[in-house]
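Reading the structure
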Amino acid sequence: MEVETFRQHLESWLDDHAAELAPAFPGAGTLDQQMTQLAKVKRRLFDAGWMQWGWPERAGGTGGSSLLRAVLGEAVTERDLVQPGYFSMTEVLAPTVVDFASPELAAAFLPRILSGDEMWCQGFSEPDTGSDLSSLSCRATPDRDDWIVSGQKLWTSLAQHSRRCVLLTRTGTPESRHRGITAFFVDMDTPGITVRPFSIISGDDEFAEVYFDGVRIPADRMLGTVDGGWNVAMSLLPYERSSCFWHRTAYLRGRLTALIEQVEPDPHTETVVGEAFVALYALRARSHRTQHRLAAGHELGAETSVDKVLVAAAEQRLFDAARELLPAGTIELAADPEALRWRDSFLYSRAATIYGGTAEIQRNIIAKRLLHLGDDV
Amino acid sequence: MDGSLVDDAERDLLIATVAQGLASRRGGDGYDVLVELGWHDMLAAEPHTATAVVFDALGRANVRSSCLADVIATALGHEPGVAVMLPAYGTAVAPGVRGAAEGRQVIVAGLALASTVGAPTVLVACTDGQAVLVRTTDLRLEAVSGIDPSLGLRVVSGRAEPVGEPAPAPWSAAVDIARVALGHEITGACRTMLDLACDHARGRMQFGRSIASFQAVRHKLAEVLVAVEAAEAALDAAHHTPSPVTAALAKVLAGRAASAAAVHCQQVLAGIGFTREHELHRFLLRTIALDGLFGSARSLTRELGAGLLADRTVPRVIDL
């Protein structure tokens, strides 16, 4: 399907179903309310056939360009139907399952995340493993046809709401680094998994610690090959910086619109708004290129670190502008739903230079892989 | 994506040919070389590709030319090769004023390229949407030494009698294409600044190791690449979705890339980057001078912000 045709049909479908898709709560809502809303919207989109576009037919999709996924995420974000970060988790995790799971597993599970029946989470980071992902130590040991996993994951977003986890484990020696990692697709209700949610700075229980204590995973749940997990992880990270970021431009545009609706123009305000717009557009122009490269079948790699640096700059610039320009006390004192949304968004924007590889790690990747400056000290 | 008839291999060949042609003209004028290579035909047949490739190459090589006059003339409905008045520095206001009080005369105030000296006539776009040719000898042309004398700009002023009849001319279209062309030239210069700084960082040894191995150095250079890539993406967008907003944004992001390149590349090059012994200065000074043509990054950012505040909406600008 042509992108423009898709957009037009989608927009008119969203118009026709606006009432049933709308959130039942004011402002951003609580995390539980957002989860319910997300599941509802995805279910409606799935039943009408929208969610399946851009995903391969062999895994239960309808086929078509990956651009359609970017357009869908943009449209539902623009209409404030979903929190874009949560909607986009499909874009982070599902391509990996499609690419690395067995065809049967992919076909069985992709429809479940697309339809909103399930959330999935990403079990990568650990207490001692943040930026240095290849140092992870959560261990998987073979046991006849199964694998037994013991260890701990940290910063696992929405683990308590997730039915499955894309999990990285250590299968080689501790010194094997990136050569001794294996990925699994794990059911979160498997005995031995304990999830302890904890609050992020805005107060939502978005993060969790996940403990694995002798968790038995069937071998057919392996993603990729034994000791091939680094490949899985490295193919996932660029996806985290592709369609998701296009969705994010729609979210940031919506917030910038909300901001300029309530500030009065003067020379300083014009400059601050202009700078936020320029930073947002830099991301959008770059992401436009990335969406087209992805759709043309290019393998995404280190160059998506540029997109990540730009998304962080755009998001933080925008919410710094909001804090500066909104009526005094909006972010700091007020308690109405709109003000709470500004406060949460402002606080959340601080994570943009941390999640998905810190600002420093992105610059290290750019220096080494794109500028060919060799290894660092 | 931009509907170009030129494929990647042809474009690469063109880039290499133009770069080779301009290599010997560093610090000077390369217009004759470009004309020889078929610049006028390219501009007519493939305006986007021609503008992108040639201006990027001019920036990378630090070569001045009259190509900016050509893209403006073409946008105003004239043949390339004619001399063209540019707006006053820091603005995008049409450089001519025609008024009843002046009779047929045109009041001219703005800038011109070096090639205007010696041209019999110069094309002046006027604030009333008309463009006229005037005799160059009727005008005062003063050489600008300024921060980048090798750019060869002239400050032009005077009153002149039109040669022939005025004709309607879409100045705003000329502004857009000029901004995009300048954006390419600035971004090209940034690429060279970044290359120079990366080469220096790899080769310069201190504390027994290459300074490229220090994160403080690497991160500065990464910052420049991000800014340059953003500008190049915006320039792409200005071609596939032409509009006053995409053109202004492309010029702004090019100017921002130039600021990032100036600050970080000069810092990485340190002492030698502060001298005229090293080539960096040519590119750094050129980008500073070009930033003010057709509106600077700073002034256009504010104008864009004012536009959003007036409309109370933020456009999507580009779509997939």
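Scoring rules and cut-offs
- Residues numbered from 1 in each chain as written.
- Chains lettered and ligands numbered in written order.
- Predicted model: local features only at pLDDT ≥ 70, side-chain atom pairs only at ≥ 80, totals over all residues.
- Heavy atoms only, no water.
- Contact = heavy atoms within 4.5 Å.
- Buried area = accessible area lost by both parts, 1.4 Å probe.
- Salt bridge = Lys/Arg side-chain N within 4 Å of Asp/Glu carboxyl O.
- Polar contact = N/O pair within 3.5 Å; in protein donor to acceptor, adjacent residues only side chain to side chain.
- Helix = DSSP H or I, 4+ residues; strand = E, 2+ residues; numbered from the N terminus.
- Domains from an automatic or database assignment.
- Nonpolar A, V, L, I, M, F, W, Y, C, P; charged D, E, K, R; others polar.
- Patch = residues over 30% accessible without salt bridge, like charges linked within 9 Å, V, L, I, M, F, W, Y side chains within 5 Å.
- Areas by Shrake-Rupley, 256 points an atom, 1.4 Å probe, with all protein chains shown as cover.
- Lys, Arg positive; Asp, Glu negative; His and termini not counted.
- Charge placed at Lys NZ, Arg CZ, Asp CG, Glu CD.
- Axes fitted to C-alpha atoms, helices over the stretch in contact; angles between N-to-C directions.
- Parallel < 35°, antiparallel > 145°, perpendicular 65-115°, else oblique.
- Left-handed = near helix turned anticlockwise from the far one by under 90°.
- Expected span 1.5 Å × (residues − 1).
- Buried < 20%, exposed > 50% of the residue type's maximum accessible area, 1.4 Å probe, protein only.
- Arc of directions from axis to C-beta.
- 1 Å grid on protein atoms, 1.4 Å probe; cavity = no way out; pocket = protein on both sides within 12 Å on 5 of 7 lines; lining within 4 Å.
- Points joined across faces, edges and corners; volume = space filled by probe spheres on them.
- Disulfide = S-S within 2.5 Å.
- Phe/Tyr/Trp six-rings, centres within 6.5 Å; stacked < 30°, edge-to-face > 60°.

It is common to give the size of an interface as the accessible area that goes away when the parts come together. Taken together, the contacts link 54 residues of chain A with 46 residues of chain B. Between chain A and chain B, a total of about 4,500 Å² is buried, with carbon and sulfur atoms accounting for 67% of that surface. When the buried surface of chain A facing chain B is broken down by residue, Phe277(A), Tyr281(A) and Leu373(A) rank first, second and third, together holding 17% of it. Ionic pairing is found between Asp236(B) and Arg289(A), a salt bridge with its closest N-O pair at 2.9 Å. Run the count over chain A and chain B and you get 22 residue pairs in polar contact (both at pLDDT 80 or more). Considering each element in turn, the side of chain A that touches chain B owes the most residues, 18 residues, to helix H10 (residues 267–295) of chain A.

Right, let's talk about the domain arrangement of chain A for a bit. Residue and element names in this part refer to chain A. Splitting chain A by domain gives domain 1 (3–118), domain 2 (122–228) and domain 3 (241–370). Centre-to-centre separation of domain 1 and domain 2, based on C-alpha positions: 25 Å. Taken together, the contact between domain 1 and domain 2 spans 14 residues of the former and 17 residues of the latter. Across the domain 1/domain 2 interface, buried area totals approximately 1,400 Å², and carbon plus sulfur atoms make up 69% of it. Summed over the shared surface of domain 1 and domain 2, the result is one salt bridge. Where Glu118 meets Arg164, a salt bridge forms, and the shortest distance between an N and an O atom there is 2.4 Å. Linking domain 1 to domain 2 there are three residue pairs in polar contact (both at pLDDT 80 or more). Per-element accounting of the side of domain 1 that touches domain 2 gives the leading share, five residues, to helix H6 (residues 89–100). Per-class residue counts for the side of domain 1 that touches domain 2 are 11 nonpolar, no polar and three charged.

Now for a negative patch on the surface. Residues Asp7(B), Asp8(B), Glu10(B) and Asp12(B) make up a contiguous surface patch of negative charge. Tracing the sequence through the fold places Asp12(B) in helix H1 (residues 8–22).

Residue and element names in this part refer to chain B. Following both chains from N to C, one finds helix H7 (residues 215–240) and helix H8 (residues 244–273) inclined at 160°, their axes separated by 8 Å at the closest point. Our classification of the angle between H7 and H8 gives roughly antiparallel. In the packing of H7 onto H8, the handedness of the crossing is left-handed. Looking at the contact of H7 with H8 residue by residue, the classes come out as 20 nonpolar, three polar and two charged.

Moving on, we get to helix H3 (residues 31–47) of chain A. Residue and element names in this part refer to chain A. Look at H3: 24 Å from first C-alpha to last across 17 residues, which is about the 24 Å you get at 1.5 Å a residue. Taken together, the buried positions of H3 are Leu31, Gln34, Met35, Gln37, Leu38, Val41, Lys42, Leu45 and Phe46. One side of H3 holds all its buried residues, which, seen down the axis, span an arc of 165°. Among the exposed residues of H3, those pointing more than 90 degrees away from its buried face are Thr36 and Asp47.

Once that is clear, we can look at empty space enclosed by the protein. Here the structure, examined in full by the defined rule, presents three cavities of 30 Å³ or more. In this structure, the largest cavity encloses a volume near 140 Å³. Looking at the lining of the largest cavity, the elements with two or more residues in it are helix H4 (47–61) and helix H6 (171–203) of chain B. For the lining of the largest cavity, the per-class residue count stands at 11 nonpolar, three polar and three charged. Residues lining the lining of the largest cavity come from more than one domain, with at least three contributed by each of domain 1 (82–169) and domain 2 (172–311) of chain B. Here the second largest cavity defines a volume of roughly 60 Å³. Residue lining of the second largest cavity: Trp50(A), Met51(A), Trp53(A), Trp55(A), Arg69(A), Leu72(A), Phe87(A), Thr90(A), Glu91(A) and Leu114(A), and that is the complete set. Those elements that provide at least two residues to the lining of the second largest cavity are helix H4 (67–78) and H6 of chain A. Of the residues belonging to the lining of the second largest cavity, the class tally is seven nonpolar, one polar and two charged.

It is worth spelling out the domain arrangement of chain B at this point. Residue and element names in this part refer to chain B. When cut into domains, chain B gives domain 1 (82–169) and domain 2 (172–311). In this assembly, 12 residues from domain 1 lie in contact with 13 residues from domain 2. Buried area between domain 1 and domain 2, summed over both chains or domains, comes out near 1,000 Å², and the portion from carbon and sulfur atoms is 66%. Run the count over domain 1 and domain 2 and you get one salt bridge. The salt bridge partner of Asp148 is Arg286, with a shortest N-O separation of 2.4 Å. Counted by class, the side of domain 1 that touches domain 2 contains eight nonpolar, three polar and one charged residues.

Under the counting rule described, the total for this entry stands at zero disulfides over all chains. With no disulfide of its own, Cys244(A) has Cys121(A) as its nearest cysteine by sulfur position, at a separation of 16 Å. The thiol of Cys265(B) is not disulfide-bonded; the next cysteine sulfur, from Cys198(B), is found 7.2 Å away.

Time to look at the environment of Ile318(B). Here Ile318(B) lies in the segment after helix H10 (297–311). Relative accessible area serves as the criterion here: at 1%, Ile318(B) is assigned to the buried category. When sequence neighbours within four positions are dropped, the list of residues in contact with Ile318(B) reads Trp246(A), Tyr281(A), Arg284(A), Ala285(A), His288(A), Ala237(B), His240(B), Thr241(B) and Thr246(B).

Moving on, we come to H10(A). Residues and elements named next belong to chain A. Here H10 contains 29 residues, and its C-alpha end-to-end distance of 41 Å stays within 8% of the 42 Å for a straight helix at 1.5 Å per residue. The buried fraction of H10 amounts to 21 of the 29 residues, a majority that puts the element mostly inside the structure. Sitting at the amino-terminal end of H10 is Asp266, which places a side-chain oxygen 2.9 Å from the backbone nitrogen of His268. Note on H10: the residue one or two positions beyond its end, Gly297, has a positive phi of about 90°.

Here the idea is simple: oppositely charged side chains can pair when their charged atoms come close. Per the stated rule, a full pass over the model turns up 49 salt bridges over all chains. The salt bridge partner of Asp80(A) is Arg341(A), with a shortest N-O separation of 2.9 Å. In this pair, Asp80(A) is assigned in the loop between H4 and helix H5 (84–87) and Arg341(A) in helix H12 (residues 337–349), connecting sequence segments 261 residues apart. The class of Asp80(A) is partly exposed, set by a relative accessible area of 39%. Glu275(A) serves as the salt-bridge partner of Arg256(B), at 3.6 Å between the closest nitrogen and oxygen. Taken as a pair, Arg256(B) in helix H8 and Glu275(A) in helix H10 lie in two separate chains rather than in one.

Next up on the list: the environment of His292(A). Tracing the chain through its elements places His292(A) in helix H10. Residues His292(A) and Val166(A), spaced 126 residues apart in sequence, show a C-alpha to C-alpha distance of 27 Å.

So, on to the packing of aromatic side chains. Residues and elements named next belong to chain A. Following the criterion strictly, the structure yields 14 aromatic pairs over all chains and no others. Judged by centre distance (5.4 Å) and plane angle (80°), the ring pair of Phe6 and Trp50 falls under edge-to-face. Within this pair, whereas Phe6 is found in helix H1 (residues 3–16), its partner Trp50 is found in the loop between H3 and H4, the two being separated by 44 residues in sequence. In terms of burial, Phe6 and Trp50 fall into one category: buried.

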